[in-house]
Amino acid sequence: MTTADFRLEHDFLGEREIPNNAYYGIQTLRALENFAITGIPLSSEPLFVRALAYVKKAAALANAELGVLPEGIARAIAAACDRVASGEFNDQFPTDMIQGGAGTSVNMNANEVIANVALEIMGHQKGEYQFCHPNNHVNCSQSTNDAYPTAFRIALSHKLVSYSEGLGELAGAFAAKGVEFQDVLKMGRTQLQDAVPMSMGDEFNAFATNLREELSRIEDSRRLISEINMGATAIGTGVNAPQGYAELVTRHLSTIAGLDLILAGDLFEATYDTGAYVQLSGVLKRTAVKLSKICNDLRLLSSGPRCGINEINLPAQQPGSSIMPGKVNPVIPEVVNQTAYYVIGADLTVTMAAEAGQLQLNVMEPVISFALFTSISYMSNACRTLREKCVVGITANRQHAAELVYGSVGIVTQLNPLLGYEASADIAKEALKTGKSVHDIAVTERQLLTQEKWDEIFTFENLIRPDFIQ
């Protein structure tokens, strides 16, 4: 490149050359040089970029209304924000997701890009900041300490909507299998041992219920993160912001973002508090634990095919071994298990980062944002993958599952009300010792009950919805 391909920008540390095709400026350049950590840029979270543009537009509108920002500059900033929010300039947000400075580099990345887009709208060149300045105009009445967490919360709220939809669709897929398998008799198990009979439909309905419980927890978390601290500026005093700005910018931002945002009652507390993130991270971890448990069950129930439980068949997605011909592994539940482990670990990251705040600010919010954004993305992908590539294609081995029930010693439990625990335990003991069936011992050999009574007790309906029969 020649010198004509660069523009010269400065900050209080000195001057640097910035490529003329870049809409970001000197502080973004310094961030690129300082924070080569994850290799994952801010642009990888377009909802965050969009939310930053929402914050800057709301601030420009509020500042213009209160007379602290000239109308022409405010209009140019608002127009620039609309273009940034549309995704047009996502590639101009290269700062690493994990960084020092409590998110200052992210905030300045947004300020610089929006300022330079606004300059072009106004007919000026990039870097001619005397006409629209990243700090004086785009960041007017703001600090990183209120702009960054507010944008973060808006992005989280929008991201959680699509995640909830995916989780709900996965629960719906399990519920559909619950209907399909309602007439499949199978053995329930506790501690990996035979327990009592049940319907396979009830087992899959329970998976659906288990996941649907999490949808309300997600909504609870969205309500918590709807509280913002715009107008707090640096620590909560509102320094450099005009009277009435906090309430006005919150109203504008609610309209722009399409969310019911609430201005925090205590801006000092809201500026350093990260409790809402801890709550959300806990919800994600809770769901991950549940999802992983369900995947463990699917793997167990499909184990075999000849030497395992083999009550269900998972869709075959790929060959399972480089050496064992014909082997097919439960790769989809396995990948969801591993995703859950990541989310569980990320929750610890959020916990430690939230605890690490000191006095009036928690500077660890960038790693909290990285952990939550990635966890939500990975959980969304896991829900979609499990639904599309596994759950919808599960089939039941009906006859085999029923044979396991009637060949099990566990069905002796059904005889407790009629024969008593001691007699039933003795039948179970002999069945285990000799390999004889519970039926043959109780009905044929010992004649403890008639065949008619046996048939009454061991109907499908009575096994899955037991009546008290004496």
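Residues numbered from 1 in each chain as written. Predicted model: local features only at pLDDT ≥ 70, side-chain atom pairs only at ≥ 80, totals over all residues. Heavy atoms only, no water.

1. Quick word on the pattern of salt bridges
- Throughout the structure, instances matching the rule amount to 28 salt bridges.
- With a shortest N-O distance of 3.2 Å, Asp220 and Arg217 are connected by a salt bridge. Within this pair, Asp220 and its partner Arg217 are both found in helix H7 (residues 200-224), separated by three residues, close to a single helical turn.
- Looking at Asp220, the relative accessible area reads 25%, which means it is partly exposed.
- Residue classification places Arg217 among the partly exposed residues on the basis of a relative accessible area of 29%.
- Note that Lys453 is salt-bridged to Glu456, the shortest N-O span being 3.2 Å. Of this pair, Lys453 and Glu456 both sit in helix H17 (residues 451-457), separated by three residues, roughly a single helical turn.
- Residue Glu456 is classed as partly exposed on the basis of its relative accessible area of 40%.
- Salt bridges sharing partners connect three or more residues here, namely Asp426, Glu430, Lys436, Glu445 and Arg446. (Salt bridge = Lys/Arg side-chain N within 4 Å of Asp/Glu carboxyl O. Helix = DSSP H or I, 4+ residues; strand = E, 2+ residues; numbered from the N terminus. Buried < 20%, exposed > 50% of the residue type's maximum accessible area, 1.4 Å probe, protein only.)

2. Considering unusual backbone geometry
- In this structure, the amide linkage connecting Gly304 to the following residue, Pro305, adopts the cis form with an omega of 5 degrees.
- A positive phi is found at Ser141, a non-glycine position, where the angle reads about 65 degrees.
- Mapped onto the secondary structure, Ser141 falls in the loop between helix H5 (134-138) and helix H6 (144-180).
- Given a relative accessible area of 5%, Ser141 falls into the buried group.
- Even without being a glycine, Asn310 presents a positive backbone phi close to 55 degrees.
- Within the secondary structure, Asn310 sits in the loop between helix H10 (275-301) and strand S7 (312-313).

3. With respect to a nonpolar patch on the surface
- Taken together, Val289, Tyr341 and Ile344 make up a surface patch of nonpolar side chains, about 270 Å² in accessible area.
- Looking at the secondary structure, you find Tyr341 in helix H11 (residues 331-355). (Patch = residues over 30% accessible without salt bridge, like charges linked within 9 Å, V, L, I, M, F, W, Y side chains within 5 Å. Areas by Shrake-Rupley, 256 points an atom, 1.4 Å probe, with all protein chains shown as cover.)

4. Notes on the UniProt feature "domain: Fumarase C C-terminal" (unreviewed entry) in the chain
- Here, UniProt's "domain: Fumarase C C-terminal" (unreviewed entry) annotation points to residues 411-464.
- In residues 411-464, the share of helix is 70% and the share of strand is 0%. The end C-alpha atoms are 12 Å apart. (UniProt positions renumbered as here; feature names shortened; annotations may be inferred.)

5. Observations concerning the packing of H6 against H10
- It is at 13 Å that the axes of H6 and H10 come closest, and there the two elements cross at 20 degrees. In terms of orientation, H6 and H10 fall into the roughly parallel class. For the pair H6 and H10, the sense of crossing is left-handed. Residues Pro149, Phe152, Arg153, Leu156, Leu160, Tyr163, Leu167, Leu170 and Phe174 of H6 lie in contact with H10, whose contacting residues are Ala276, Tyr277, Leu280, Leu284, Thr287, Leu291, Ile294 and Leu298.
- A class-by-class count of the residues in the contact of H6 with H10 yields 15 nonpolar, one polar and one charged. (Axes fitted to C-alpha atoms, helices over the stretch in contact; angles between N-to-C directions. Parallel < 35°, antiparallel > 145°, perpendicular 65-115°, else oblique. Left-handed = near helix turned anticlockwise from the far one by under 90°. Contact = heavy atoms within 4.5 Å. Nonpolar A, V, L, I, M, F, W, Y, C, P; charged D, E, K, R; others polar.)

6. What about the pairing of strand S2 (residues 14-19)?
- Bridge count between strand S1 (residues 6-11) and S2: six bridges; the pairing is antiparallel. Looking across to S2, one finds that Asp11 is bridged to Gly14. (Pairing = 2+ DSSP bridges.)

7. Here's the deal with the packing of aromatic side chains
- In the structure shown here, the tally under the stated rule is 13 aromatic pairs.
- Three or more aromatic residues link up through ring pairs in this structure, and these residues are Phe48, Tyr148, Phe152, Tyr277 and Phe373.
- For Lys126, the ring lying beneath its charged end belongs to Tyr23, and the centroid distance is 4.4 Å. (Phe/Tyr/Trp six-rings, centres within 6.5 Å; stacked < 30°, edge-to-face > 60°. Lys NZ or Arg CZ within 6 Å of the ring centre and 35° of its normal.)

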